[in-house]
Amino acid sequence: LGASQWLPCPQGPQPLSPLSFPPTVTSEQIEHLHRRFKQLSRDQLTIRKENFDSIPDLEFNPIRGKIVHAFFDKRNLRQESDGLADEINFEDFLTIMSYFRPIEMNMDEEQLDRFRKEKLKFLFHMYDSDHDGKITLQEYRNVVEELLSGNPHLEKESARSIADGAMMEAASICVGQMGPDQVYEGITFEDFLKMWQGIDIETKMHVRFLNMETIAHCY
Amino acid sequence: MFLLLPFDSLVVNLLGISITVLFTLLLVFIIVPAIFGVSFGIRKVYMKTLLKIFQWATLRIERGAKEKNHPLYKPYVNGIIAKEPTSLEEEIKEIRRSGSGKALDTPEFELSDIFYFCRKGIETIMDDEVTKRFSAEELESWNLLSRTNYNFQYISLRLTVLWGLGVLIRYCFLLPLRIALAFTGISLLVTGTTVVGYLPNGRCKEFLSQHVHLMCYRICVRALTAIITYHDRENRPRNGGICVANHTSPIDVIILASDGYYAMVGQIHGGLMGVIQRAMVKACPHVWFERSEVKDRHLVAKRLTEHVQDKSKLPILIFPEGTCINNTSVMMFKKGSFEIGATVYPVAIKYDPQFGDAFWNSSKYGMVTYLLRMMTSWAIVCSVWYLPPMTRQPEEDAVQFANRVKSAIARQGGLVDLLWDGGLKREKVKDTFKEEQQKLYSKMIVGNHEDRSRS
C-alpha cells in the first residue's frame, strides 16, 4: 500500500490499519491533510482543543463545540477506553477524517452497510454526549438549543418545546404507541438507525478532494 | 616588501577606478533617466532574459524528477476540497424530503438537520478560506530562488550551478547596487523636501515639491528594479479626490506615487521613517497622525474631509484593507474613507510573483528583513490599472459603497473578492458574524412555528 510509504508521520512511518484507508485515498491527499494538521498544531506533534480556535470559519458554525468534541471522543478514535482524549496525533486526525470519505464505486452490499453505519455512529456520538449509548431528552434538547441559539428572539421555552415535540415524534417511530405512564428512556443506536432509513447519508456525508495533478508520478 | 608596494597601489588604483566606473554608470543609466522620467528599456530586456532562463530551469526540474521517480508536488491555489455550492435551506430540504417526507414548512426539528452543520464544520477544519490568503501565493514554475521552491533538491549539476550563479549575481552585484540607489533616493528626498520647505508658499513651491517627490520615488522604483505597467492612465486621480488601492506591501506607495502626485496619509513613526515623514510634510501638506490621534475616528475623518474639500490640495492615497494581503484576493474595505463623500478613484495593483514575491507577511518578517528579501529578488513586476472614478449613490451607505469599489478592483486585477476582514489575520471573528448562520437556521424552524401557531 503506497500510502504507508508516504505518511510523513513525525514519529516515523507507521503502517496504517487497512480498515481506515481504502486504496483510493491517495498519498497526495494525505500529504495535504498532514500540512493542514501541521498548520493547526503549529508544528507540534499533537492537537488540543484550543488549536481549533484558530479556524475563523468554524466560528460560524452553531454546533462548533460538538464538532471539536467529536475529534477528541475516544469512541470515534476507535480506542478501547471511553471518555475524552486530551490531545490527538496525526493518525487520530486521519481516523476522524475517514468518517467523511466518499463512497466508492466498487463497494458491495456489506461494505456499503458498514460504511453507512460508521457514519451514522459518528453522528450518534455527537448527540449522545454522556457516552451512555442513549440519546436522552436532555441531550436532544441540548442539541436543538445549540442549533437555535443564534436567534435572540427565540425564548428558551420555545426551543425546548420544539425539542420535546421532535423527541415525541422519534419515540413514536421507534417504540410505537406508549402508555401514559411509560417513560421513553432514550434513543438507542438501533432506533437512531431506523430514523435515518431512506436518507442516503453515505452519499452526502463526505468531503471530496479536488482533483490535483502531480507533475511526475511514481506508480 | 618592495615588491608588495607597487602591487598594493595597483590594487588600490583598480578598486578606485572600478568604483568610479560603477557610479558613473549608475548616474548615467539610472539616476539621470529617473530625474527626467525616461527609460532605456534595460529592465524589459532583463525581464525577458530571466523568463527564458526560468522556463529552462522548470523543464529541467520536471525532467530530472521523472528520471529519478520523485513525485513533484504542484501546489494548490484553489483549496484542496470541493465545497458544495448549495445553501443551508436547499440541503436541509433535500435531506428531509428523502427521509421522512416532511417539507420545511412543518415547524419541527428533524434529527437529520444536524448533518449540514456537521459537514460544513469538517470542511472548514480541512481547509479554510481565510488563513490561506495570508501566506505567500505558491508558484507554478521555479524562479531560481530557493525560498520559493518545495521541490529543490540536487537535480542536476547544471541547475545547481545556475542557481549558484543566480545567488552570486543577486547578492554581490544587484544588492549593493540597489542599496546605493535606495540610499541616494532617500537622502535626495529628505534634503530636497527640506530645501523646498524653506521657500515661500506659492506655485513655485508646489511645482518644485511635486517634482522632488516624483524624482525620488522614481529612483526608489529603480532601486527595487520594479517593472511597472500602467493601464488607463487617463483615469488618474485628480485634486480633491481619494485614491484607494488594494494593499500587498509598503512598496505599493512607491509604485503609485512614482506616476502621479499624491498626499500621503498615515501614522507618524519613529526612526528613519519619521525623519522622512517630517521632511516630506515641510514641502507638501501630507496628513500625518500621531499614534494617539489614529484611534479617534472622528478626528481622522475631520482632517481628511478638510483636506479633500480644499481643491488645491493633492488627492489622498489610502489603502482601506488596513493590512497587507497576499495579492490573490481583496479583503473587506474599512468604511472610514468612504464616508467622507469625496470622489473615489479606485486603483488595482497586481504583482507578478514570478520574479519576486512582494507580499509582506508582517507576522513572519520584520521591515528590514522584508526589504532585504525584496532587494535580493530578481525584480518586482506589477501592473497598475486606474479605474474610472466612483461616487457614493444616494441610496447606498458607506459599507455598500466600499463593497462596490472593492468588487471593481478585484474584478480588474483578477483577484478573488472576499467578504472577510483582513484584520482576521490577528484577531478573532467578530461576534456579529457568528450569529448569522444560527439566525438563518433558527428563522427557518421558528419562523414557520410562529406562522403555524398563528393560523
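Residues numbered from 1 in each chain as written. Chains lettered and ligands numbered in written order. Predicted model: local features only at pLDDT ≥ 70, side-chain atom pairs only at ≥ 80, totals over all residues. Heavy atoms only, no water.

### Focus on the overall build of chain B
Part 1 of the reasoning: From N to C terminus, chain B includes 14 helices and ten strands.
Part 2 of the reasoning: Residues classed as buried in chain B amount to 47% of the 455 residues present.
Part 3 of the reasoning: Sequence-distant contacts, at least 24 apart, represent 77% of the contacts inside chain B between residues at least 6 apart. (Helix = DSSP H or I, 4+ residues; strand = E, 2+ residues; numbered from the N terminus. Buried < 20%, exposed > 50% of the residue type's maximum accessible area, 1.4 Å probe, protein only. Contact = heavy atoms within 4.5 Å.)

### Observations concerning the packing of helix H6 (residues 157-197) of chain B against helix H9 (residues 271-283) of chain B
Two quantities define a packed helix pair, namely the angle between the helix axes and the distance between the axes.
All names here are of chain B.
Part 1 of the reasoning: One can describe the packing of H6 onto H9 by two numbers: an axis separation of 7 Å at closest approach and a directional angle of 40°. The angle between the axes of H6 and H9 places the two elements in the oblique class. Note that H6 runs across H9; the crossing there is left-handed. Residues Ile186, Leu189, Val190, Thr193, Thr194, Val196 and Gly197 of H6 lie in contact with H9, whose contacting residues are Ile276, Ala279, Met280, Lys282 and Ala283.
Part 2 of the reasoning: Of the residues in the contact of H6 with H9, the class split is eight nonpolar, three polar and one charged. (Axes fitted to C-alpha atoms, helices over the stretch in contact; angles between N-to-C directions. Parallel < 35°, antiparallel > 145°, perpendicular 65-115°, else oblique. Left-handed = near helix turned anticlockwise from the far one by under 90°. Nonpolar A, V, L, I, M, F, W, Y, C, P; charged D, E, K, R; others polar.)

### Here's the deal with empty space enclosed by the protein
Residue and element names in this part refer to chain B.
Part 1 of the reasoning: For the structure on display, the rule yields four cavities of 30 Å³ or more.
Part 2 of the reasoning: Of the voids in this model, the largest cavity is the one considered here, and its volume is about 90 Å³.
Part 3 of the reasoning: If you trace the largest cavity, you find 13 residues lining it, with His213, Tyr217, Gly260, Tyr261 and Tyr262 closest to the centre.
Part 4 of the reasoning: Among the elements that line the lining of the largest cavity, the one with the most residues is helix H7 (residues 203-223), at five residues.
Part 5 of the reasoning: Residues of the lining of the largest cavity, tallied by class, amount to eight nonpolar, five polar and no charged. (1 Å grid on protein atoms, 1.4 Å probe; cavity = no way out; pocket = protein on both sides within 12 Å on 5 of 7 lines; lining within 4 Å. Points joined across faces, edges and corners; volume = space filled by probe spheres on them.)

### Things to note about the UniProt feature "transmembrane region" (unreviewed entry) in chain B
Residue and element names in this part refer to chain B.
Part 1 of the reasoning: Under the UniProt annotation, the feature "transmembrane region" (unreviewed entry) is placed at residues 12-42, 155-173 and 179-199.
Part 2 of the reasoning: Here residues 12-42 runs as 84% helix and 0% strand, with 31 Å between its end C-alpha atoms.
Part 3 of the reasoning: Span residues 179-199 is 90% helix and 0% strand, its end C-alpha atoms 31 Å apart. (UniProt positions renumbered as here; feature names shortened; annotations may be inferred.)

### Here we look at unusual backbone geometry
All names here are of chain B.
Part 1 of the reasoning: Here threonine 225, not a glycine, exhibits a phi torsion of approximately 45°, which is positive.
Part 2 of the reasoning: Along the chain, threonine 225 falls in the loop between H7 and strand E2 (226-231).
Part 3 of the reasoning: Taking the relative accessible area as the measure of exposure, threonine 225 reaches 10% and is therefore buried.
Part 4 of the reasoning: The phi dihedral of aspartate 232 falls on the positive side, at around 55°, and the residue is not glycine.
Part 5 of the reasoning: Within the secondary structure layout, aspartate 232 lies in the loop between E2 and strand E3 (242-245).
Part 6 of the reasoning: Among the residues examined, aspartate 232 registers a relative accessible area of 34% and is labelled partly exposed.

### Some details on the sheet that holds strand E5 (residues 287-289) of chain B
All names here are of chain B.
Part 1 of the reasoning: Taken in spatial order, the seven strands make up an open sheet running E2-E9-E8-E3-E6-E4-E5, and their pairing is mixed. The sheet is open, and its two edges are formed by E2 and E5, each paired on a single side. Averaged over all adjacent pairs, the angle separating strand axes in this sheet is 25°, with direction ignored.
Part 2 of the reasoning: Strands in contact with helix H11 (residues 297-309) are E3, strand E4 (263-267), E5 and strand E6 (316-318); relative to E5, the strand with the most contacts, it is inclined by about 170°.
Part 3 of the reasoning: Relative to the sheet, helix H13 (residues 398-413) contacts E3, strand E8 (344-352) and strand E9 (380-386), its axis offset from that of E8 by approximately 35°. (Pairing = 2+ DSSP bridges.)

### Examining the pairing of E4(B)
Residues and elements named next belong to chain B.
Part 1 of the reasoning: Bridging between E4 and E6 involves two bridges; their strand directions are parallel. Bridge pairing in E6 places methionine 264 opposite leucine 317.
Part 2 of the reasoning: Pairing of E4 with E5, which is carried by three bridges, proceeds in the parallel orientation. By the bridge assignment for E5, glycine 266 is matched with tryptophan 288.

### Quick notes on the packing of aromatic side chains
Part 1 of the reasoning: On inspection of all chains with the given rule, the structure shows twelve aromatic pairs over all chains.
Part 2 of the reasoning: Ring plane angle 50° and centroid distance 5.0 Å describe the contact between Phe52(A) and Phe71(A), whose orientation is recorded as tilted. Of this pair, Phe52(A) sits in the loop between helix H2 (27-41) and helix H3 (64-72) while Phe71(A) sits in helix H3; the two residues are 19 residues apart in sequence, bridging distant segments of the chain. Each of the two residues, Phe52(A) as well as Phe71(A), counts as buried.
Part 3 of the reasoning: Taken together, the ring pairs connect Phe37(A), Phe52(A), Phe71(A), Phe72(A), Phe90(A) and Phe93(A) into an aromatic cluster.
Part 4 of the reasoning: If you follow Arg170(B) out to its NZ or CZ, it ends over the ring of Trp378(B), 5.4 Å from the centre.
Part 5 of the reasoning: The side chain of Arg303(B) reaches across the aromatic face of Phe289(B), ending 4.7 Å from its centre. (Phe/Tyr/Trp six-rings, centres within 6.5 Å; stacked < 30°, edge-to-face > 60°. Lys NZ or Arg CZ within 6 Å of the ring centre and 35° of its normal.)

### A closer look at the pattern of salt bridges
Residues and elements named next belong to chain A.
Part 1 of the reasoning: On inspection of all chains with the given rule, the structure shows ten salt bridges over all chains.
Part 2 of the reasoning: Of the charged contacts, one joins aspartate 53 and arginine 64 as a salt bridge, the two residues approaching to 2.5 Å between their closest N and O atoms. Taken together, the residues span a long stretch of sequence, with aspartate 53 in the loop between H2 and H3 and arginine 64 in helix H3 at a distance of eleven residues.
Part 3 of the reasoning: The class of aspartate 53 is partly exposed, set by a relative accessible area of 34%. (Salt bridge = Lys/Arg side-chain N within 4 Å of Asp/Glu carboxyl O.)

### Description of the pairing of E3(B)
All names here are of chain B.
Part 1 of the reasoning: The two faces of E3 match: Ile242 and Val244 on one face and Cys243 and Ala245 on the other face are all buried.
Part 2 of the reasoning: Bridging between E3 and E6 involves three bridges; their strand directions are parallel. Bridge pairing in E6 links cysteine 243 to leucine 317.
Part 3 of the reasoning: For E3 and E8, the ladder comprises four bridges, and the chain directions are parallel.

### Thoughts on the environment of Ala170(A)
Residue and element names in this part refer to chain A.
Part 1 of the reasoning: Looking at the secondary structure, you find alanine 170 in helix H7 (residues 156-175).
Part 2 of the reasoning: With 25 residues separating them along the chain, alanine 170 and methionine 195 place their C-alpha atoms 7.5 Å apart.
Part 3 of the reasoning: Once residues within four sequence positions are removed from consideration, alanine 170 is found in contact with Ile187 and Met195.

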